[in-house]
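Take a look at the letters that make up each chain.
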Amino acid sequence: MGTLIFLVSLFITKNYIGYIPALIFLAAVVKISKVPFKFIVKGMKAIVFLLSLSVLCNLFLTPGEPLVSFWKLSISREGIKTAVFMAIRLTFLIIGSSIMTLTTTPNQLTDGLEKGLGFMKVIKVPVHEIAMMMSIALRFIPILTEETDKIMKAQMARGADFESGNIIKKIKSLIPLLVPLFISAFRRANDLAMAMEARGYRGGDGRTKMKPLKYHGNDAVAYIILLLYLAVIIALRVLIK
Amino acid sequence: MEIVKTEKLTFEYIRRDENDNVEGITTAVDNVSLSVKPGEFIAILGHNGSGKSTLAKTINAILHPTEGTVWVDGMDTMDESNLWNIRNTAGMVFQNPDNQIIGQVVEEDVGFGPENMGVPSEEIWKRVEESLKMVGMYDYRKASPNRLSGGQKQRVSIAGVLAMRPKCIVLDEPTAMLDPIGRREVINAVHELNIKEGITVILITHYMDEIVNADRVFVMDSGHIEMEGTPREIFSRVDELKELRLSVPQVTEVAYELRKKGLSLPFGILTIDELVESLNKCR
Ligand SMILES: Nc1ncnc2c1ncn2[C@@H]1O[C@H](COP(=O)(O)OP(=O)(O)OP(=O)(O)O)[C@@H](O)[C@H]1O
Ligand SMILES: [Mg+2]
């Protein structure tokens, strides 16, 4: 859950100063999570391409007073500024989320959500059900992706055309894809509901956990750091307009 | 006492239009009385739409009988207060493995049933380990279900039911979506459970070769039980089976045809070895 806040906070920050606490926070998290530094670097490598692309775009496409210009392209001061800014933001974003995916299984994530938001049960928010829905959604994403692929091929074999035409035509051509996909998704949902019932599922009450989430000292430290970090970010944002 | 017993069980699907008027009634199970003893291996045969799945769902109390009664281990499925006990006693495995695996890690999925039952954590771990070992999937406990083969997924589903410690498992065409290897894996696992753990098995299938080792076979047609008996008895009635649009294993059919042609072969030959042996005797 901390990650979520962190990611949002990255978008809140609008200037360089905001990144200093972010950097400190990130370093602290990396240390607590005990993820080897190698892994993080490895994760970074995969997105270098994306990163450089966005840097280039920002570099050339941000309007402003040109510093260097050759051919039709020009680099402006603002361009450099946003490019560097974006690069840092992206890097932090990716390190942040990769730490999460490296340390947390999706189930722990939903469990964490369930527990972290548990206080909302008091105001009748169905926290358990929401967490359950999320974890089921996560489980079915790969299955449905595969199915989309299959239906697409099947429709193409029948002469459906997903590629040509303008946007409206393309959207229209999605109908023969979406209709069977939805039907199949509903059928799956029906089957799954039945299977869950057959295995005695009756909502969150009276349920035990195979892997109960236990908060250790580390987690407490993480929460404190998170709160501190949030406070600093918000303070910065308010103070430096 | 019988583990599963039905008496004059009838189930009707009632289709209604928007105004709640009855549009049509399909009698999927029609006046079925049967009883299954603990530890038996029962196979249910029947062509598409003969009511097998509907029968299975009434056993697990997913559907409630329109008429008649179903008892699971002595508990009436109509009685709401028995519901969870019934589901823990008679576990159910469905056709499509993808649509019944809930967890994102094999062991988490197997733990789902006991979690629902409110079993304490340490006990869940024990059960998960046991169940996965029983179906030979313990080495895959940390794997993602999406990466498993169909046969493996289906064995995980079975483990998920086993972890609830049922006395009886109902399997509704568990092998219909599997290749021959996957089918063999699943059927072997089920037989092993039946023999080693003494769990009652009710196996619904289209494949004749899967029922050869069953204790008893029921053949269903349009909601009725048309035939009942040991596999050997059933398979010796080739013509009747054909009338019910079912085929017999190839060996059985060959033996049957040879017998018609005048060879003195016994009825209901089930395996190639048996056929070879009887043919040797003929000479
Ligand atoms: N949800 C439903 N609503 C209405 N009718 C249904 C429903 N499910 C099944 N039926 C009908 O009930 C009858 C028995 O269906 P059932 O699914 O039990 O057959 P089955 O023997 O399991 O078939 P299969 O071999 O295809 O799985 C069929 O005529 C079918 O059309
Ligand atoms: Mg069926």
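Residues numbered from 1 in each chain as written. Chains lettered and ligands numbered in written order. Predicted model: local features only at pLDDT ≥ 70, side-chain atom pairs only at ≥ 80, totals over all residues.

1. Points about the overall build of chain B
Thinking step 1. A count of helical and extended segments in chain B gives 10 helices and 10 strands.
Thinking step 2. Considering only C-alpha atoms, chain B reaches an extent of 65 × 55 × 40 Å along its principal axes.
Thinking step 3. In chain B, which comprises 283 residues, the proportion classed as buried is 49%. (Helix = DSSP H or I, 4+ residues; strand = E, 2+ residues; numbered from the N terminus. Buried ≥ 20, exposed ≤ 12 C-beta atoms within 10 Å, placed from the backbone.)

2. A few points about the site of ligand 1
Residues and elements named next belong to chain B.
Thinking step 1. The full set of residues close to ligand 1 is Tyr13, Thr26, Ala28, Gly46, Asn48, Gly49, Ser50, Gly51, Lys52, Ser53 and Thr54.
Thinking step 2. Counting residues per element, the ones that place at least two in the shell around ligand 1 are strand S2 (22-36) and helix H1 (52-59).
Thinking step 3. Looking at the shell around ligand 1, the element that brings in the most residues is H1, giving three residues.
Thinking step 4. Across the shell around ligand 1, the residue classes tally to two nonpolar, eight polar and one charged. (Near = placed C-beta within 6 Å. Nonpolar A, V, L, I, M, F, W, Y, C, P; charged D, E, K, R; others polar.)

3. Details of the sheet that holds strand S10 (residues 224-229) of chain B
Residues and elements named next belong to chain B.
Thinking step 1. Here we have six strands laid out as an open sheet, ordered S6-S7-S8-S3-S9-S10, and mixed in their pairing. Only two strands of the sheet have a single neighbouring strand rather than two, namely strand S6 (90-93) and S10. Neighbour to neighbour, the strand axes of the sheet diverge by 20° on average, direction disregarded.
Thinking step 2. Of the strand pairs in this sheet, strand S9 (residues 216-221) and S10 are connected by five bridges, and their pairing is antiparallel. Bridge assignment links Phe218 to a residue of S10, and that residue is Glu228.
Thinking step 3. Lying on the sheet, helix H5 (residues 150-162) is in contact with S6 and strand S7 (168-172); it crosses S6 at an angle near 165°. (Pairing = 2+ DSSP bridges. Axes fitted to C-alpha atoms, helices over the stretch in contact; angles between N-to-C directions. Contact = placed C-beta atoms within 7 Å.)

4. Considerations on the interface of chain B and chain A
Thinking step 1. Across the boundary between the two partners, chain B contributes 30 residues, which contact 27 residues of chain A.
Thinking step 2. Taken together, the elements giving at least two residues each to the side of chain B that touches chain A come down to helix H2 (83-89), helix H3 (106-117) and helix H4 (121-134) of chain B.
Thinking step 3. Broken down by element, the residue count for the side of chain B that touches chain A peaks at seven residues, all from H3 of chain B.
Thinking step 4. Along the lines of polarity and charge, the residues of the side of chain B that touches chain A split into 13 nonpolar, 13 polar and four charged.

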